[in-house]
Amino acid sequence: MHEKAIINPGENMKVDILFAIMAVQEVAFFAPVAKRLRDEEGLKVAFLTFHEAGDDILEKEGVPYFSLHKIKNSEEMKRHVFLKPEDVQARLGINIRKLILHEMLTTNRLDEKYLSSKVMTYHAIMDSIFRDNEIGCVVQELGGFIAPQMLYHVSRYYKKQHIFIEPAMFPKRIVFTLNDMNADIADYGKGVKASDEELKKLLEQYSTRKTVVIPKKDKHFFQDMSLKRLFSMDNFRRLSRKLYHKYILGREEEYNAILWYIVYHFIKFFKRKVLSFYYSEPVEGEKYIYYPFHVPLDVQLTMRCPEFLNQEALVGYIARVIPLGCRLYVKEHPAAIGGHQLSRMRDILRDKNIRLIHPRYNSFDLIKNAGCVITINSKVGFEAIMQGKPVVVLGRTFYRGKGVTVDVDNVSDISDAVTSAIGEAGGDTNRDYFLNKAFEWSYKGELYENSPENVDGFYRSLRTFMLKSEIIKSDKYTAEGAIK
């Protein structure tokens, strides 16, 4: 017998693990993981869905779920008296303007009143779920939209365990973060572990392939903004599916700014064409500092380091304070070519001390030949550590404060930090220890790669993390079960 949607959350259900999903691909991936936790561990599992088309999959799989959009449209919710924004802010200890920033910018929905109203609605629904049911732990992918952030804050308000999942810096590995929005290596400095053979192999592959990791779920973003990408079959399938769900089936989903995404892709294509007149080649023998642009509206900036959202202004400042005789090389993130504000880019590129490197150049070689790398919290900073290059860190990241970077607390200190970093490679002992700990911190598995081997590996990794964190307890927890 299939479970039905829990439209009225007041059933006083016991849910050990509540998976939150924003898109259909997430349901298809997490459903078998949830069922194994239920069948093999005896845990009560359920889903909180933000995509009505995904509800159908859970109906067929016989997994209970709270459908946010069904609850939102229920008669009970229509009669609900919502708290005022200031009351929700005080209750959860949040700043709503900061919370809605990511969604406002990425969807071009600039109406604060509308987004604040969405915050109130989602708070009311999530509050009722946690108030009326016994929730043990929430599991979801890291995200900057209103939905994942609100779920995190409500779960913490009710003192429930919460796990964010995000890709690790190593291929086919992930990181779990417990009860925090900022990921960091747990127990850093405790114990020294010999290099793992798999880690050695990954480091060798990096030197050969000249790239660290592109998660499968993001591969379609890592292409130049050409007509081929604009009219790719992948984009066509995604658009067709969204249009079908929204206008034919009348299903609601979280990522529904369809028109803006279409327009934005064409804008990026146009900006890419304009920027082609500004692209430069690396000059052999030229001394330079390398700043890799981050994805302009990525969660790493909007949620973790919003003070650095205006990267163009930051780059302009860096170019003015680096040592005389050094150029500043900058390059767009491969997933955001054409994604920067064109007027800002043209302004900073008037500075002849800045070279905008063509997207076709691999960051591996730019890192290798740089005097140092300056980063907020990007993967390129981690790559530079792997290469033994000096790294100046401006933002919050897991490799900050580990003895392998020069950390900056105030932008006014960038000049001194760069001077101190240039020409100084990190010590091999510190670097090796850091890389070992970073690898040990990560787990096997890749999000939304649905092969049986990967789903099994992800299940074992999640189970191991929850056992280690004492979120679940099991008599079957053996040395074999703990292998990551």
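In what follows, the accompanying structure is described. From a predicted model like this one, the values you see are computed outputs, not experimental measurements.

### A closer look at the sheet that holds strand β1 (residues 14-21)
Here is step 1 of the chain: Strands sit in the order β3-β2-β1-β4-β5-β6-β14 across an open sheet of seven strands; the sheet is mixed. This sheet does not close on itself; its edge strands, each paired only once, are β3 (65-67) and β14 (443-444).
Here is step 2 of the chain: Note: strand β6 (residues 173-178) against β14, two bridges, orientation antiparallel. Among the inter-strand pairings, Arg173 is bridged to a residue of β14, identified as Lys444.

### Focus on helix α15 (residues 311-321)
Residues spaced three or four apart along an α-helix point in a common direction, a consequence of the helix completing one turn every 3.6 residues.
Here is step 1 of the chain: Of all 11 residues that make up α15, eight are buried, and the element is covered over most of its length.
Here is step 2 of the chain: For α15, the complete set of buried residues consists of Gln311, Glu312, Leu314, Val315, Gly316, Ile318, Ala319 and Val321.

### Quick notes on unusual backbone geometry
Here is step 1 of the chain: Backbone geometry at Lys159 places phi at a positive 60°, although glycine is not the residue there.
Here is step 2 of the chain: By secondary structure assignment, the location of Lys159 is in the loop between α9 (146-157) and β5 (161-167).
Here is step 3 of the chain: Of note, Glu470 is a non-glycine position whose phi angle comes to about 60°, a positive value.
Here is step 4 of the chain: Note on Glu470: relative accessible area 58%, which makes it exposed.

### Quick word on the environment of His265
Here is step 1 of the chain: Within the secondary structure layout, His265 lies in helix α13 (residues 258-275).
Here is step 2 of the chain: C-alpha of His265 to C-alpha of Gly339: the two residues are 74 residues apart in sequence and 8.8 Å apart in space.
Here is step 3 of the chain: Within the structure, the side chain of His265 is placed 2.9 Å from the backbone oxygen of Tyr261, a separation counted as a polar contact.

### Let's talk about the packing of helix α1 (residues 24-41) against helix α21 (residues 452-468)
Here is step 1 of the chain: Contact geometry of α1 with α21 gives a least axis separation of 10 Å together with a crossing angle of 55°. Of the possible angle classes, the one that applies to α1 and α21 is oblique. Handedness of the α1/α21 crossing: right-handed. Contact residues: Phe29, Phe30, Pro32, Val33, Arg36, Leu37, Glu40 and Glu41 in α1; Asn454, Val455, Asp456, Phe458, Tyr459, Arg460, Leu462, Arg463 and Met466 in α21.
Here is step 2 of the chain: Of the residues belonging to the contact of α1 with α21, the class tally is 10 nonpolar, one polar and six charged.

### Things to note about the pairing of β5
Here is step 1 of the chain: In terms of burial, β5 is a largely internal element, five of the seven residues being buried.
Here is step 2 of the chain: Where strand β4 (residues 134-141) and β5 come together, five bridges link them in parallel fashion. Along β5, the bridge assignment pairs Val138 with His162.
Here is step 3 of the chain: Note that β5 and β6 share five bridges and pair antiparallel. By the bridge assignment for β6, Ile163 is matched with Leu178.
Here is step 4 of the chain: If you look at the hairpin formed by β5 and β6, you'll find five residues sitting between the two strands, and Lys172 has a positive phi there, around 60°.

Basis of the calculations
- Residues numbered from 1 in each chain as written.
- Predicted model: local features only at pLDDT ≥ 70, side-chain atom pairs only at ≥ 80, totals over all residues.
- Heavy atoms only, no water.
- Pairing = 2+ DSSP bridges.
- Helix = DSSP H or I, 4+ residues; strand = E, 2+ residues; numbered from the N terminus.
- Buried < 20%, exposed > 50% of the residue type's maximum accessible area, 1.4 Å probe, protein only.
- Polar contact = N/O pair within 3.5 Å; in protein donor to acceptor, adjacent residues only side chain to side chain.
- Axes fitted to C-alpha atoms, helices over the stretch in contact; angles between N-to-C directions.
- Parallel < 35°, antiparallel > 145°, perpendicular 65-115°, else oblique.
- Left-handed = near helix turned anticlockwise from the far one by under 90°.
- Contact = heavy atoms within 4.5 Å.
- Nonpolar A, V, L, I, M, F, W, Y, C, P; charged D, E, K, R; others polar.

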